[in-house]
Amino acid sequence: MTDDAGKYISDAQQRLLELIQTLAGHELEGLAPGDISKLNACSPSQVTRDLANLKAFGWAEQLPVTNRWRLGPDIVRIATRHMAVLDRAQRKVDELRSRYGSNDSDR
């Protein structure tokens with residue numbers, strides 16, 4: 001059996017995902033396109049195209065005063081929803097643990 005997973009990998013999509021990772025953690029001041037280009041070892045035109053796509057999808061935004069880029073609220077909301085689901089699951093586990101936990105005084 002051969003591994004066909006590699007044939008589905010797109011350089012452009014991988015570059016876009018790397019850009020998202022690069023922007024993470026720079027929400028206050030953002031990053032200049034030139035810095036992104038250097039950090040991701042790609043051309044300025046690729047950064048421009050990728051940022052335009054992320055902006056159109058709501059996953060990146062340009063800061064008006066500095067023209068630097070940061071993650072947009074839409075992608076951050078995904079992380080917030082993820083954490084809320086994990087918190088609900090933890091509360092359910094804690095409740096079950098409390099209900100079914102050992103109570104030494106009952107023995």
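Residues numbered from 1 in each chain as written. Predicted model: local features only at pLDDT ≥ 70, side-chain atom pairs only at ≥ 80, totals over all residues. Heavy atoms only, no water.

Student: Looking at this structure, I do not really get the environment of A12. What am I missing?
Tutor: Examined against the element boundaries, A12 turns out to sit in helix α1 (residues 11–23). When the C-alpha positions of A12 and Q46 are compared, they lie 8.7 Å apart, and in sequence the two are 34 residues distant. (Helix = DSSP H or I, 4+ residues; strand = E, 2+ residues; numbered from the N terminus.)

Student: I keep staring at the packing of α1 against helix α2 (residues 33–40) and nothing clicks. Help me out?
Tutor: Describing two packed helices takes the angle between their axes plus the distance from one axis to the other. Running from N to C, α1 and α2 cross one another at 115 degrees; their axes reach a closest spacing of 10 Å. Relative to α2, α1 is oriented so that their crossing is right-handed. Contact residues: E18, L19, T22 and L23 in α1; I36, L39 and N40 in α2. Residue classes in the contact of α1 with α2 are distributed as four nonpolar, two polar and one charged. (Axes fitted to C-alpha atoms, helices over the stretch in contact; angles between N-to-C directions. Left-handed = near helix turned anticlockwise from the far one by under 90°. Contact = heavy atoms within 4.5 Å. Nonpolar A, V, L, I, M, F, W, Y, C, P; charged D, E, K, R; others polar.)

Student: Looking at this structure, I do not really get the environment of D11. What am I missing?
Tutor: Within the secondary structure, D11 sits in helix α1. Measuring from C-alpha to C-alpha, the distance between D11 and G34 comes to 20 Å, with 23 residues separating the pair along the chain.

Student: Can you walk me through the side chain of N40 in this structure?
Tutor: Along the chain, N40 turns up in helix α2. Here N40 falls in the buried class, since its relative accessible area comes to 9%. With sequence-adjacent residues up to four places away left out, N40 is seen in contact with E18, L19 and T22. (Buried < 20%, exposed > 50% of the residue type's maximum accessible area, 1.4 Å probe, protein only.)

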